[in-house]
Amino acid sequence: MRFSIFNLAAHALTGHRRWTPSWRDASPKAGYDVVIIGGGGHGLATAFYLAKVHGITNVAIVEKGWIGGGNAGRNTTIIRSNYGLPGNEPFYEWSMKLWEGLEQALNYNAMVSQRGVLNLCHSDAQRDAYARRGNAMRLHGVDAELLDRNQVRAMAPFMNFDNARFPIQGGLLQPRGGTARHDAVNWGYARAASALGVDIIQNCEVTGLLTDNQGAMTGVETNRGPIRAGKVGMAVAGNSSRLAAMAGLRLPIESHVLQAFVSEGLKPVIPGVITFGAGHFYISQSDKGGLVFGGDIDGYNSYAQRGNLPVVQDVCEGGMALMPMIGRARLLRSWGGIVDMSMDGSPIIDHAPVPGLYLNAGWCYGGFKATPASGWCFAHLLATDTAHETATAFRLDRFATGDLIDEKGQGAHPNLH
Amino acid sequence: MRIPCPHCGTRESQEFVYRGDAAPVRPADDGAMFDYVYLRDNVAGVMREHWYHAQGCRQWIVVTRDTRSHAIDHAEFAR
Amino acid sequence: MADLVQMIERAGLSLATVMARKGADYGAIIAALGDGELHATGPGTWLAVSDASLDELPDRLRGQASVSDQSGGYIVYRFAGPGARRLLQRGAFIDLDPEAFGPGAVAVTAIAHMGVILWQVDAAPTYDVAIFRSHAESFRHWVEGMIPALAPISA
Amino acid sequence: MSRLPTGGLVDRNQPLRFSFDGKSYQGFQGDTLASALLANDVTLVGRSFKYHRPRGILTAGSEEPNALVTLRSGARAEPNTRATTIELYDGLTASSQNRWPSLGFDLMAVNGLFSPLFVAGFYYKTFMWPAAFWEKLYEPIIRRAAGLGALSMLPDPDSYDADHGFCDLLVVGAGPAGLAAALTAARAGKRVFLVDEDSRMGGRLLAELHEIDGDDGRRWVDRTIAELAACPRVTLLPRTVLFGAYDGGVYGAVERVSDHLPTPLPGQPRQRLWKIVATRAILATGAIERPLVFAGNDVPGVMTSSAVQAYVRRWSVLPGKQVVFFTTCDSGWKAVHDLLRAGVIPAAIIEARAHVAPDVKALAGAVPSFLGAQIIGTRGGKRLKGVDLRDAQGRTWRLDADVLAMAGGWNPAVGLGCNLGARPRWSDELNAFLLDHPPAGMAMAGAAAGQFGLGAALASGIAAAAEFGTMAAPRTSDDPADGRPLWHVPHRRGKAFVDYQHDVTDSDVALAAREGFTSVEHMKRYTTLGMATDQGKMGQVNGNALLAQATGKTMAEAGTILSRPPYLPVAIGTLAGHHRDEHFRPVRQTAGHGWAAEQGAVFTDAGQWKRAQWFPKAGERDWLESVCREVNAVRTGVGICDVSTLGKIDVHGPDAGALLDRLYINTFSTLPVGKARYGVMLREDGFVMDDGTTSRLADDHFFVTTTTVNAAKVMQHIDYARQVLWPELDVQATSVTEQWATYAIAGPQSRALLAALLPELDLSNEALPYMGALSFRWLGVSARLFRLSFSGELAYELSVPASHGDRLIRALFELGRAFDAVPYGTEALGVMRIEKGHAAGNELNGQTTAADLGMGRMMSTKKDFIGRVMAQRPALTDAARPVLVGLKPVDPAARLRGGAHLLPKGADAIAANDQGHVTSVAYSPTLGHWIGLALLAKGASRHGERIIVHDPVRGADVEVEVCHPVFVDLEGVRVRG
């Protein structure tokens, strides 16, 4: 069933009684060519591209809860490709290009909104660091503009320019950056993948990995029985280590909690996405009017999907410092997601050291924007056993070789990335 | 989260700096250094971890904490 | 508002960080320090505070403890008056109730994002707060902003 | 006026003026805006989010989804404020929101005509074609139409502060259960915090008619509060919302200190953030009455039964003349009873249950009742005119009514108990989600625990505090509290709202289920039910029930969502508190700050520190002219720079040298006393962490310096090394950054100036050679002099206790007049270090190795040190890595900029040709042109090569020559002079 305004109008005439489920709520079959563990955005996108690009449709996604219930539905919905290092930039730009055609590809309005991502700087050194990054983006053919203080002021006159602790000196703008409606992305991928024959199996928790006597992956054990699989891909950010442990692997990853916040609905205020690095604060505004904002991770290992008050205060301090007109706006909801913090702040899309097992992990707090390309590249790896050209740097062995992709230069301290 | 510092008493976690799993021991053997620096058990459950009481007694302490519930059992000096 | 809290700088103090050497006898160190103020800021670590010079301290403690002069590093403010406890309680996330914190008690903590060493002088209660010299202006701003808010509100 | 002649908790001697949408009205002290509006017969107060339907006041509490107004005006305007929680004050102004041009005539109500299209998830299915229209057309329209109130866009003029509380017992909610619990613990002498969101404590006892210990329930409240207030260890916090439960027994609460006043009193905050640490907490948070889901349930005049009861009893306001009740539980009948006792005679009771107990029926006296009946529709647009009902026999009736009171049962307010992950469970017995297993340290009491009757609530409050003590339960009658949920009244026409604020209807929930959104979380997200500012307090459980119905599940199977903080929306300003504007973060000022400010210094931020960036002189055109003057003065005469912000650490002990050997790539244990040495430390992953000079002041005393921004990090690193890695070493370390004010005195005349200041010292090359250190006394305090140079000139660093730093800088310039000494700032410092090729922050960016910075040979091969092993990884030792080089523009007039990238000459500007970037640049007055430091692939072997500096974000390409990173005095003659 193709979505369109005409189709919607036709359904309106029948009282919307003839809509059918967006995706089939499948039960597990005995086996599949590919089983993807994790029904988040990355897993769903992987399944869609496996089917769409590689023609592999005998695919199951097994999700322990409801699809999109992890980080895919617990983020601040920002999309951007403003990275500085050559290992990252082509990949995130590929993701951005996929975002730009996503709704037509999925026939689902994910409300991709390219209203710009602005990173503020407060010193000459920060400005030069952003120039380094902006220039790297331009060398990759990506849009980037370095704004001075007056240009920033013209974009966001409500910010504190006159009595700030860290005065705004300018910023790096990626005009094509923006936001997308996270839940819709998940549902759009699920609907499109399901339509191509992918089985989406909810409430199905993987309890073990099945291997043959050579140690190669043969399937997964679940609370709904064993499922055979030619290949097993894991896309369970937040829980990657727990799953990898089932295969006897230790990963260069720690699980940390990242909180995010939304305010009550307000008439449009924030032009795009604004990030205030000096205050650990970033903000955008949803189409519904809520200010969506966040800051640093809480900083300690956690699987609890909730954070603590110091970070709430820290984030709000940053918000007030940046835009003192939000003092009387009210925080409405907060939530916490468990993120895979990797040792260099960059992801892993690679073969696991176990034959037949494939890793998609280590997204830190940046997984949402990567959803389309992560799915595309993971599908490519699963289908062809070779890394996609934009994801060649996301190797698991880079920590051993030293080919790190450390944008922040923080080293092997996951909570500092 | 409140951390029972063995010197200062129980304090809010923001006074501390987190380092992570206290289990890895800096190896004498060069060949074991990669594991020490990069690999983590990342346990979902009770974990012994290093915290530094930066805004208190400046001691590194080992906190025994459940990463699923944030429940803290106890803390002791690291040395 | 001065009737609620008095804040005065204890000028002319000598201060030093004293850290015990490995295996040193803490009792001996404390004895060697004489009758000056001594605030335990960590295990085997003290902040010595004196109106007299502490220049002789390194020699007196030679082999037992390491001494770093901090006379220039901290400013010590004394807080007294009926609002002193409430003022500091608004800043410090430690329990200043008499049951939990009394004369002689010391805490190293933070007030308004600034590290402090805080000790209670007497049961009045009077407190001393040692703060990094570089933070003095921000700390005073916090105090001056907070004191008027200690006044009770009617209606 | 609908104010009853007597009764209520308003002070009729204190009339207050207020205005709503520009019209003036009068209320009384003790009113809320909602009660005052109702007293003035104002029933239309807002418009709904999506369809812009007229909406009235639905509740009398903080769960209100409809009556959202913008309170106050100008910079104090506060959008989306619940009229039901606004305490009236004299001169209050409020206005309606989300309507155009006016509340009464809202053109946006046209949306309602398109409601057949605007079903749940409609935008996911449309607006996709043509693609470009989304951002240009569709989305801007959607965004403008969405949102609720508007921000003033002016800085919040009020202040916020914070407080900390510690207690044995925190009681949340001062209704009967909470008061009983608090009193029990208070009588046992415990430290108790009792917080309540209302301005007046008492909870439902303020709205319902009860007898306790033979007296009016309200008088029991007064007595109890008086007793609690007299306990010195009890803290009563009315007007305080407990918004979140956090780990370790930490609770967050907001006290509305001044919101009941026109403006805060001088010096007072608007609100105060409380962090409360409680050994035990009792959540006596009550219950929220469920609305009923039937067609037309949103017409102004439709209210919850408990709200009608509250307006009549507490505020003495009659919300209408013809009040009809629609109930499924006994509390509706009790409300009728309370109205009757206040002299208000309801028009009818429509009871969905076929039978009610005789004593319940007796509560309504002679009020006509319809048992087994349901409301199937309402009449009226901006004000309820009547209701249509179907009785037990299937006959339909039309009743006139201007108020419809819904008693749909009660949802215990368990939200706070779920903040730490505990899941509520559906009780078929009580028809409510309850928290059977609250987190450790928390207990539920009263209606929040499903104890809906007054006697039971009081008893449960006492029981919850049993570990602290006990007391006799007050005598009271227990009300009937039976009920059977009615989740939905089927209807053909009209809309039945589940989530009022977000305009989510019964059919939206059904549609979500039809489309496969069958988990409550999917349904919530697809329909947006529960995501409005009431956070699902009104509609979530009804929505769950409709979903359960649609999917054939039980309530228990359908489950519910997990409530997360904040329990009620909290102002961002309150959470930020004191930390805003210039005071967002504390400022650190050096001892010489005041002097520098007197000189007109321009300051810059370095971490928390303020540092003088340059010292403009009258007549100078721009910063560059000032900086060049400062550099020239240093290179030809003498300049003085405040370098106090560098991190300084005393490392003491017999094993101090051994520890430093393990921290630094080079060796310190061999450093003679009285000497300084430059050192580099790595992280364990082999990349450079920090650098600085370390001096040996005694056999067992090293004085370590760090970069300004890394000071705390290095201190922590040293403590980790000595406490965790090598606790066997006898080493003590302490930060002395604050202790020392340090000035760099640099330039050919620096020795002469110092000699004038310190005539008793021998400053000759022999006595104090380059990298020498000595201690002495100045003005009776200890002082240190180091012969160190960042500028490449003959130079010293002179340290005195920070308490004497101001005196020293003034003394230096007093004597310096004879030498034309100039102050120089961080810019000139930077220029000279770039001229000398010294790595600094831009090069020590966490991505570089020692070898990258030309210091590979410093890495000792004779000892272990942190980072040694990982630094040997192939990618860190790759010969193709970018390394530090100097850059000189071929055209001497060309300007270089930091952050530019490096391309081979003639190569395309594409990433594949990217060979590095410019890390630092400066205009070198010494050389007369711009110079730069850069990290260039294989740069060490490319000195003399011409390459392109590419900076598309700022300007055109510049051709440069690669050169040695040391531009001035490569041989280092001057520093040794």
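The model shown is predicted, which means the values in this text are computed figures rather than measured ones.

Quick look at the overall build of chain C
The helix and strand inventory of chain C stands at four helices and nine strands. Listing the helices and strands of chain C from first to last along the sequence gives β-β-α-β-β-α-β-β-α-β-β-β-α. Relative to the 2.2 N^0.38 estimate, which gives 15 Å for 155 residues, the radius of gyration of chain C is 17 Å and therefore close to what a compact globule would have. With the principal axes as the frame, chain C shows a C-alpha extent of 65 × 30 × 25 Å. Partitioning the intrachain contacts of chain C with sequence separation of at least 6 by distance along the chain shows that 66% fall at a separation of at least 24. As displayed, chain C offers around 6000 Å² of accessible surface, 53% of which is attributable to carbon and sulfur atoms.

Quick notes on the overall build of chain A
Check the secondary structure of chain A and you find 10 helices and 18 strands. Relative to a compact globule of 417 residues, whose C-alpha radius of gyration would be 22 Å, chain A shows 21 Å and is just as compact. Buried residues in chain A amount to 70% of all 417 residues. Put simply, 73% of the contacts in chain A that link residues at least 6 apart link residues at least 24 apart. Summed over all atoms, the accessible surface of chain A reaches about 12100 Å², with 51% contributed by carbon and sulfur.

A short note on the interface of chain A and chain D
With 110 residues of chain A in contact, the opposing surface of chain D contributes 119 residues. If you sort the residues of chain A by the area they bury against chain D, Leu139(A), Arg165(A) and Arg328(A) come out on top, with a joint share of 11%. Where chain A meets chain D, there are 12 salt bridges. Between Arg115(A) and Glu139(D) there is a salt bridge, with its nearest N and O atoms 3.8 Å apart. Counting the contacts that link chain A with chain D gives 70 residue pairs in polar contact (both at pLDDT 80 or more).

Considerations on the domain arrangement of chain C
Residue and element names in this part refer to chain C. As far as domains go, chain C holds domain 1 (2–10 + 74–150) and domain 2 (14–69). Between domain 1 and domain 2, the C-alpha centre-to-centre distance is 24 Å. Each partner contributes to the interface: domain 1 provides eight residues, whereas domain 2 provides eight residues. Between domain 1 and domain 2, a total of about 660 Å² is buried, with carbon and sulfur atoms accounting for 69% of that surface. Counting the surface domain 1 buries against domain 2, the share from its top three residues, Arg-10, Val-106 and Trp-119, is 54%. The interface formed by domain 1 and domain 2 holds one salt bridge in total. Here Glu-37 makes a salt bridge to Arg-10, at a shortest N to O gap of 2.7 Å. Connecting domain 1 to domain 2 are three residue pairs in polar contact (both at pLDDT 80 or more). Among the elements of the structure, β6 (74–80), β7 (106–111) and β8 (114–122) are those that each provide at least two residues to the side of domain 1 that touches domain 2. Looking at side-chain class alone, the side of domain 1 that touches domain 2 contains six nonpolar, no polar and two charged residues.

Things to note about unusual backbone geometry
Put simply, Ala124(C) and Pro125(C) share a cis peptide bond, and its omega is 0 degrees. Considering the arrangement of structural elements, one finds Pro125(C) in the loop between β8 and β9 (126–132). Look at His70(B): it is not a glycine, yet its phi comes out positive at around 65 degrees. By the secondary structure assignment, His70(B) is in the loop between β5 (60–66) and β6 (72–77). Residue classification places His70(B) among the buried positions, given a relative accessible area of 3%. For Asp820(D), which is not a glycine, the phi torsion comes out positive at approximately 55 degrees. Along the chain, Asp820(D) turns up in the loop between α21 (805–816) and β44 (822–823). Residue class for Asp820(D) comes out exposed when judged on its relative accessible area of 62%.

Brief notes about helix α2 (residues 41–54) of chain A
Residue and element names in this part refer to chain A. Under the 1.5 Å per step criterion, the end-to-end length of α2 is 19 Å for 14 residues, consistent within 8% with the ideal 20 Å. Counting buried positions along α2 gives 11 out of 14 residues, so the element sits mostly inside the fold. Of all the residues in α2, the buried ones are Gly-41, His-42, Gly-43, Leu-44, Ala-45, Thr-46, Ala-47, Phe-48, Tyr-49, Leu-50 and Ala-51. Residue Gly-55 follows α2 closely and has a positive phi angle near 65 degrees.

Some remarks on the pairing of β6(B)
Residues and elements named next belong to chain B. As paired strands, β5 and β6 are joined by five bridges and run antiparallel to one another. Paired with Arg-65 across the two strands is Ile-72, which belongs to β6. Linking β5 to β6, which pair antiparallel, is a turn of five residues; within it His-70 sits at a positive phi near 65 degrees.

As for the nonpolar core
Counting 186 residues, the largest nonpolar core has Met159(A) and Leu170(D) as its most contacted members. Among the elements that make up this core, the one with the highest residue count is helix α9 (residues 367–384) of chain A (nine residues). If sequence neighbours within four positions are ignored, Met159(A) has contacts with Leu120(A), Val152(A), Ile168(A), Ile274(A), Leu322(A) and Met323(A). Counting residues in hydrophobic clusters, the runner-up holds 68 residues, among them Leu209(A), Val714(D), Ala733(D) and Ile866(D).

What about a nonpolar patch on the surface?
A cluster of nonpolar residues, Trp100(D), Phe105(D) and Leu107(D), forms a patch on the protein surface that exposes about 360 Å² of accessible area. Within the secondary structure layout, Trp100(D) lies in the loop between β7 (92–95) and α2 (122–125).

A closer look at the pattern of salt bridges
Following the criterion strictly, the structure yields 97 salt bridges over all chains and no others. The salt bridge partner of Glu93(A) is Lys97(A), with a shortest N-O separation of 3.1 Å. Taken as a pair, Glu93(A) and Lys97(A) lie in helix α3 (residues 89–106) at a separation of four residues, close to a single helical turn. Within the structure, one salt-bridge network assembled from shared partners comprises Glu264(A), Arg330(A), Glu78(D), Arg82(D), Asp259(D) and Arg270(D).

Brief notes about the environment of Leu206(D)
Residue and element names in this part refer to chain D. One can find Leu-206 in the loop between β9 (192–195) and β10 (211–212). Residue class for Leu-206 comes out buried when judged on its relative accessible area of 3%. When near neighbours in sequence (up to four residues on either side) are disregarded, Leu-206 contacts Leu-9, Arg-200, Met-201, Arg-218, Arg-313 and Arg-314.

Section: the sheet that holds strand β31 (residues 570–571) of chain D
Across a sheet, strands are paired by hydrogen bonds formed along the backbone, either parallel or antiparallel in direction. Strand order in the open sheet formed by nine strands is β5(A)-β6(A)-β4(A)-β13(A)-β14(A)-β15(A)-β12(A)-β16(A)-β31(D), with mixed pairing between adjacent strands. For this open sheet the edge positions go to β5 (145–148) of chain A together with β31 of chain D, each flanked by a neighbour on one side alone. Taken together, the six bridges between strand β12 (residues 253–265) of chain A and strand β15 (residues 290–301) of chain A define a ladder with antiparallel strand orientation. Looking across to β15(A), one finds that Phe261(A) is bridged to Phe293(A). Along the sheet, helix α8 (residues 309–322) of chain A makes contact with β4 (117–121), β12, β13 (273–276), β14 (281–285), β15 and β16 (330–342) of chain A, crossing β15(A) at roughly 135 degrees.

Here we look at the side chain of Arg10(C)
Residues and elements named next belong to chain C. Secondary-structure assignment places Arg-10 in the loop between β1 (6–9) and β2 (14–20). Side chain to side chain, Arg-10 and Glu-37 meet in a polar contact 2.7 Å long. When residues no more than four places from it in sequence are discounted, the contact partners of Arg-10 are Glu-37, Val-49, Asp-51, Val-76, Arg-78, Trp-119 and Asp-128.

Things to note about the interface of chain C and chain B
Contacts between the two partners involve 13 residues from chain C and, on the opposite side, 10 residues from chain B. The junction of chain C with chain B conceals about 870 Å² of combined surface from both sides, 50% of it contributed by carbon and sulfur atoms. On the chain C side of the interface with chain B, the three residues burying the most area are Pro43(C), Phe93(C) and Val108(C), jointly 54% of the side's total. Inspection of the region where chain C meets chain B yields zero salt bridges. Between chain C and chain B we count three residue pairs in polar contact (both at pLDDT 80 or more) in total.

Side note on the packing of α2(A) against α9(A)
All names here are of chain A. Viewed as axis vectors pointing N to C, α2 and α9 meet at an angle of 45 degrees, and their least axial separation amounts to 7 Å. With respect to each other, α2 and α9 are oriented oblique. Taken as a pair, α2 and α9 cross one another with a handedness that is right-handed. Among the residues forming the contact of α2 with α9, the class breakdown is 11 nonpolar, 10 polar and no charged.

Calculation rules
Residues numbered from 1 in each chain as written. Chains lettered and ligands numbered in written order. Predicted model: local features only at pLDDT ≥ 70, side-chain atom pairs only at ≥ 80, totals over all residues. Heavy atoms only, no water. Helix = DSSP H or I, 4+ residues; strand = E, 2+ residues; numbered from the N terminus. Rg over C-alpha atoms; globule rule 2.2 N^0.38 Å. Contact = heavy atoms within 4.5 Å. Areas by Shrake-Rupley, 256 points an atom, 1.4 Å probe, with all protein chains shown as cover. Buried < 20%, exposed > 50% of the residue type's maximum accessible area, 1.4 Å probe, protein only. Buried area = accessible area lost by both parts, 1.4 Å probe. Salt bridge = Lys/Arg side-chain N within 4 Å of Asp/Glu carboxyl O. Polar contact = N/O pair within 3.5 Å; in protein donor to acceptor, adjacent residues only side chain to side chain. Domains from an automatic or database assignment. Nonpolar A, V, L, I, M, F, W, Y, C, P; charged D, E, K, R; others polar. Expected span 1.5 Å × (residues − 1). Pairing = 2+ DSSP bridges. Core = buried A, V, L, I, M, F, W, Y, C linked by side-chain atoms within 4.5 Å. Patch = residues over 30% accessible without salt bridge, like charges linked within 9 Å, V, L, I, M, F, W, Y side chains within 5 Å. Axes fitted to C-alpha atoms, helices over the stretch in contact; angles between N-to-C directions. Parallel < 35°, antiparallel > 145°, perpendicular 65-115°, else oblique. Left-handed = near helix turned anticlockwise from the far one by under 90°.

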